[in-house]
There are 2 protein chains.
Amino acid sequence: MLSFNRDDADYVAELSEFVAVPSVSRDASPQTMLAAANWLAAQLEFAGGRVEPTAGHPVVRGEWLGASGAPTVLVYGHYDVQPTGDLAEWLTPPFELTVEDDVMRGRGATDDKGPIYVVLKTAQAFCAQEGGLPLNVKFLFEGEEEIGSPHLRGYVTEHAAELAADLVISADGAMWRPTEPSVSLASKGLVSLDVIVTGASTDLHSGRYGGTVANPLHVLAEILASLHTPDGAVAVDGFYAGIPPLSEQRRGEIADIPFSAASFLAGLGLSQGHGEPGYSTLERLWERPTLDVNGISGGGKYTVIPHRAVGHVSCRLVLGQDPDAVLKAVTAHVLARPASGLLVTVRPDEARVPAYTIPASHPAVRAAVAALEAVYPGQEVLLACVPGTLPATELFETELGVKTLFFSFSTADEKLHAPNEFMRLRRLREGMRAWEHLWRLLTDPAR
Amino acid sequence: MLSFNRDDADYVAELSEFVAVPSVSRDASPQTMLAAANWLAAQLEFAGGRVEPTAGHPVVRGEWLGASGAPTVLVYGHYDVQPTGDLAEWLTPPFELTVEDDVMRGRGATDDKGPIYVVLKTAQAFCAQEGGLPLNVKFLFEGEEEIGSPHLRGYVTEHAAELAADLVISADGAMWRPTEPSVSLASKGLVSLDVIVTGASTDLHSGRYGGTVANPLHVLAEILASLHTPDGAVAVDGFYAGIPPLSEQRRGEIADIPFSAASFLAGLGLSQGHGEPGYSTLERLWERPTLDVNGISGGGKYTVIPHRAVGHVSCRLVLGQDPDAVLKAVTAHVLARPASGLLVTVRPDEARVPAYTIPASHPAVRAAVAALEAVYPGQEVLLACVPGTLPATELFETELGVKTLFFSFSTADEKLHAPNEFMRLRRLREGMRAWEHLWRLLTDPAR
């Protein structure tokens, strides 16, 4: 067994350096993104860590290949983070990692800087205490996950031989909930788009023109409202096409999982759920696709008729849905709505990520369950889903021909993408121990 | 006749000083608002110009009362301006008055700093060239018009005796269009409100929660879309209550006005109008109330379910509508919509301005028409409406018992409230000459 004998404060101080770099892939400068990448590369010194360019933000690479005859795994994660959102809602500055009891708060703390940090420390402990890792490990950390990984495919394709491995292990993809350990078997796909309604050539005084011209915000509201039925299903023709019916067996498995929808909702400050009729909350979350309006912009709190209104829409997809077909269906729906003479356009984002799954019977899943059972003795390890999207998974399957195991020590309730994102402090040590077990188990599955 | 013999460049340079103060009443500092007020007070030196406090931004006062036996008029205007909106859309910096041919561009150039400047120069020319004004003039310039004049009523009530006059002349309230002079006989009322939809206690990751909880943006879009019928009428029960039917005589008068809806729309970059069925474009503009969504905010271009979404709605009212009743009707409509378990609240803004009118037969209207005929020989002076809102008018009628004449040299197409607001340069001289005629005519209506 490795010894993880540094103080928590030491680990936190080091991770703080990483969180302090505001590597918001949507709008940070190339210098800022490079600073985050350089920090990671320095941590990978034992593996020849280095920053490599892509057509977008750079990737960080490294490899330790001294375990002759042992399997090779590719560890994946991302050093970019989401925008902060409204700064006023943060309890502490987003780029200052702040610890209060078991909460380590900061943008990127749990998505995905903390979980990356866990695997780095595990690998460094192996090198320091055992002179090397129990298996061959390649590292690939990207800087564009939060914007849909637009350049990862090109990079992986071009470097497929160098990245070849028996398995990808993703340090991204949170555990389902804090009450027990879980391994995720699936993640949802993603497509997203802007709906843009353009009116007059300039913003108009709502008094001097109101009532005579169509208002882009009215047209946009009508379009966005039409995307769902009143009872919560997606109203887009063809949206659900290709999805196999939910089997009675799967329904039974899900029903057997200890889960209280009421507690789940209460934890969010809600007294009532809402979603596609005919499915339970957990079925909606794991087995059904969704469509959400993520933002609307146009005008402001003054008396104008804005000349332009934009809504951002994203869809989470399940197995069977074709991302291009979904985009096409949503676009057709939007363009068929009444526009009162205004110009309505749809601008899809680059990402077209299908859903992904790894079978429960896969040896890597069995090893992950065993590793978690070792770290959390006496607790059942649940087989769950990641209702979020991990674009890299499908890409690794297509380009490298290998499955991806989700092995993150983030937890889904840790305000990912929202103000006050945090990671549980205890997950650092639990994670290091679990990665140690996982790597040893993968070396010798019989053990 | 007065001589207005300074160069245009001189006038522009002086007005530039006023425009350079970014007196955005919605968010400027008290110091900035005071700087604009002080500039005005200095211009009113001939009338004992001074800044006086209110519970909000200060007012600027002055009076020249040396015309014994002549009538007394109160000149009204406002030194505050609208926010700039998107700076990227401005051709030149908003607070640098920029002249290109007949265009003087800058925030506040035409609403209302330029029109105020015109009356100041007229009064100063009278004092310099004739030793005084032909009638008694009091000045009242406020700093909160663009936020609904929340403190003007209190101030006017408290100073009613000092402000007593035979007539208010408003330097605010644009002429209808640039092709001919016009006098406005009416302005619309205004109420406005925020519709606020509150969901979970924090923004939620759209993957990890999407499909299980109601999205505040979906609920808001449905509410806002429900405010109009598909053909453009306001769908709020009781919204049109109290409005007398449009008489055949008024319809005839409006139909007789040379007006091309197609050109009006083409000037806005639109090929098609949209509004309440059964009314012409000009009838919609002058005689019918409107409801517009002015802005929506919530979320952004990233994959969250925002925990809060806000829509700002304003209504322009016509004679017969009670502002409180309209607010109540809109609120009831909003709160009756399906909310999928989320919290929907309505927060009305302070302003509750009823519509206003002055009869065409009023002596001041006749004097204004004569003054404009003198400045624009051979052109018919149209009797029009201000579809915008001038909250002060109703207030002066109620608190001082006098009518307000609109006498502004702004024009409604000059991008009021929008980026690239401008005033026509020639309107400066035309305006000075017209104010000269108006004041002389009001002294001796028989002349």
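Residues numbered from 1 in each chain as written. Chains lettered and ligands numbered in written order. Predicted model: local features only at pLDDT ≥ 70, side-chain atom pairs only at ≥ 80, totals over all residues.

S.K.: Mind showing me how you'd approach the overall build of chain A here?
M.R.: When its secondary structure is counted, chain A shows 13 helices and 18 strands. Seen through its principal axes, chain A has C-alpha atoms that stretch 75 × 50 × 45 Å. The buried share of chain A, reckoned over its 447 residues, is 55%. (Helix = DSSP H or I, 4+ residues; strand = E, 2+ residues; numbered from the N terminus. Buried ≥ 20, exposed ≤ 12 C-beta atoms within 10 Å, placed from the backbone.)

S.K.: Please clarify how the interface of chain A and chain B should be interpreted in this entry.
M.R.: Interfaces are often sized by the accessible area lost when the parts come together. Each side of the interface is counted separately: chain A has 74 residues, and chain B has 74 residues. Those elements giving two or more residues to the side of chain A that touches chain B turn out to be β10 (204–205), α6 (216–225), α9 (281–287), β11 (290–297), β12 (304–305) and β13 (308–317) of chain A. Looking at the side of chain A that touches chain B element by element, the count peaks at 7 residues for β11 of chain A. Class assignment of the residues belonging to the side of chain A that touches chain B gives a composition of 25 nonpolar, 37 polar and 12 charged. (Contact = placed C-beta atoms within 7 Å. Nonpolar A, V, L, I, M, F, W, Y, C, P; charged D, E, K, R; others polar.)

S.K.: Sorry if this is basic, but what is going on with the domain arrangement of chain A here?
M.R.: Residues and elements named next belong to chain A. The domain architecture assigned to chain A consists of domain 1 (8–187 + 355–443) and domain 2 (189–243 + 289–353). Distance from the C-alpha centre of domain 1 to the C-alpha centre of domain 2: 34 Å. Of the residues assigned to the side of domain 1 that touches domain 2, the class counts are 4 nonpolar, 3 polar and 1 charged. (Domains from an automatic or database assignment.)

S.K.: It is not clear to me how the sheet that holds strand β18 (residues 422–424) of chain A should be interpreted in this structure. Could you clarify?
M.R.: Each strand in a sheet pairs with another by means of backbone hydrogen bonds, the pair being arranged parallel or else antiparallel. All names here are of chain A. The strand order across the open sheet formed by 3 strands is β4-β5-β18, and the pairing between neighbours is antiparallel. Taken across any chain shown, the strands that pair with only one partner, and hence form the sheet edges, are β4 (98–100) and β18. The sheet shows a mean angle of 25° between the axes of neighbouring strands, taken without regard to direction. In terms of strand pairing, strand β5 (residues 103–105) meets β18 through 3 bridges, oriented antiparallel. (Pairing = 2+ DSSP bridges. Axes fitted to C-alpha atoms, helices over the stretch in contact; angles between N-to-C directions.)

S.K.: Before we go on, may I ask you to explain the relation of the copies chain A and chain B in this structure?
M.R.: Note that the two copies of the chain are related through a rotation about an axis and a translation along the same axis. Each copy superposes on the other: chain A lies on chain B with an RMSD of 0.1 Å after a rotation of 180° and an axial shift of 0.1 Å. In the structure described here, the two chain copies are related by an operation that fits a two-fold rotation axis. Looking at the rotation axis and the C-alpha trace of chain A, the residue lying nearest is Ala221 of chain A, at 2.2 Å. Looking at chain A, 99% of its interface residues are interface residues in chain B too, so the copies touch through the same face. (Least-squares fit on C-alpha atoms with pLDDT ≥ 70 in both.)

S.K.: Would you mind showing me how to read the packing of helix α3 (residues 109–130) of chain A against helix α13 (residues 426–443) of chain A here?
M.R.: Packed helices, taken two at a time, are described by the angle between their axes plus the distance between the axes. All names here are of chain A. Where α3 meets α13, the closest approach of the two axes is 9 Å, and the angle between their N-to-C directions is 55°. Here α3 is positioned oblique relative to α13, judged by the angle of their axes. Here the hand of the crossing between α3 and α13 comes out right-handed. Across the interface between the two elements, Pro115, Val118, Val119, Lys121 and Thr122 from α3 touch Leu428, Gly431, Met432, Trp435 and Glu436 from α13. Considered class by class, the residues forming the contact of α3 with α13 number 6 nonpolar, 2 polar and 2 charged. (Parallel < 35°, antiparallel > 145°, perpendicular 65-115°, else oblique. Left-handed = near helix turned anticlockwise from the far one by under 90°.)

S.K.: Any chance you could explain the confidence of the model for chain A here in plain terms?
M.R.: Regions with low pLDDT carry predicted coordinates that are not meant to be interpreted in detail. For chain A, the average pLDDT comes to 94, and 99% of its residues sit at 70 or higher. Predicted complex, confidence summary: ipTM 0.82, pTM 0.83. (pLDDT = per-residue confidence, 0-100.)

S.K.: Where do I start with the sheet that holds strand β11 (residues 290–297) of chain B in this structure?
M.R.: All names here are of chain B. Sheet architecture is open: 4 strands sit in the order β11-β13-β9-β14, paired in antiparallel fashion. In this open sheet, the two edge strands, each paired with only one partner strand, are β11 and β14 (343–353). Neighbour to neighbour, the strand axes of the sheet diverge by 20° on average, direction disregarded.

S.K.: Help me out: how do you make sense of the nonpolar core in this one?
M.R.: Considering soluble globular proteins, one finds that nonpolar side chains tend to be buried as a cluster. Leu220, Ala368 and Leu438 of chain A together with Leu220, Ala368 and Leu438 of chain B are the most contacted members of the largest nonpolar core, which totals 264 residues. Beyond its immediate sequence surroundings of up to four residues, Leu220 of chain B is in contact with Val195, Val197, Ile296, Gly298, Ala309 and Gly311 of chain B. (Core = buried A, V, L, I, M, F, W, Y, C linked by C-beta atoms within 7 Å.)

S.K.: What exactly am I supposed to notice about the pairing of β11 of chain B here?
M.R.: Side chains on a regular strand alternate between the two faces of the sheet. All names here are of chain B. Where burial is concerned, most of β11 is hidden: 8 out of the 8 residues are buried. Both β11 and strand β13 (residues 308–317) contribute to a ladder of 7 bridges, which runs antiparallel. Within β13, the position partnered with Thr290 by the bridge is Arg316.

S.K.: What's the story with the environment of Glu414 of chain A in this structure? I'm lost.
M.R.: All names here are of chain A. Tracing the sequence through the fold places Glu414 in the loop between β17 (404–406) and β18. On the basis of neighbour count, Glu414 is assigned to the buried category, with 25 C-beta atoms found within 10 Å. With residues up to four places along the chain from it excluded, the contact list for Glu414 reads Thr110, Glu421, Phe422 and Met423.

S.K.: Sorry if this is basic, but what is going on with helix α13 (residues 426–443) of chain B here?
M.R.: Each turn of an α-helix holds 3.6 residues, which means side chains three or four residues apart point in the same direction. The end-to-end C-alpha distance of α13 of chain B is 26 Å, a good match for the 26 Å that 18 residues give at a rise of 1.5 Å each. For α13 of chain B, the buried fraction is high: 14 of the 18 residues fall into the buried class. (Expected span 1.5 Å × (residues − 1).)

S.K.: Just to check I follow, could you spell out unusual backbone geometry for this structure?
M.R.: The phi angle of most residues is negative, glycine excepted, and most peptide bonds adopt the trans form. Cis rather than trans, the peptide bond between Asp111 of chain A and Asp112 of chain A has omega equal to 15°. For Asp112 of chain A, the location among the structural elements is in helix α3. Phi is positive for Asp101 of chain B, close to 50°, though the residue is something other than glycine. As for its placement among the helices and strands, Asp101 of chain B is situated in the loop between β4 (98–100) and β5 (103–105). Residue classification places Asp101 of chain B among the exposed positions, given that 7 C-beta atoms sit within 10 Å. A positive phi angle, close to 65°, is found at Asn420 of chain B, a residue other than glycine. Residue placement: Asn420 of chain B occurs in the loop between β17 (404–406) and β18 (422–424). For Asn420 of chain B, a count of 20 C-beta atoms within 10 Å puts it in the buried group.

S.K.: Is there a simple way to think about the packing of helix α1 (residues 8–19) of chain B against helix α3 (residues 109–130) of chain B in this case?
M.R.: Residue and element names in this part refer to chain B. Their axes nearest at 10 Å, the elements α1 and α3 cross at an angle of 130°. Taken together, α1 and α3 sit at an angle that is classed as oblique. In the packing of α1 onto α3, the handedness of the crossing is right-handed. Within the contact between the two elements, α1 uses Leu15, Phe18 and Val19 and α3 uses Ala109, Lys113, Gly114 and Tyr117.

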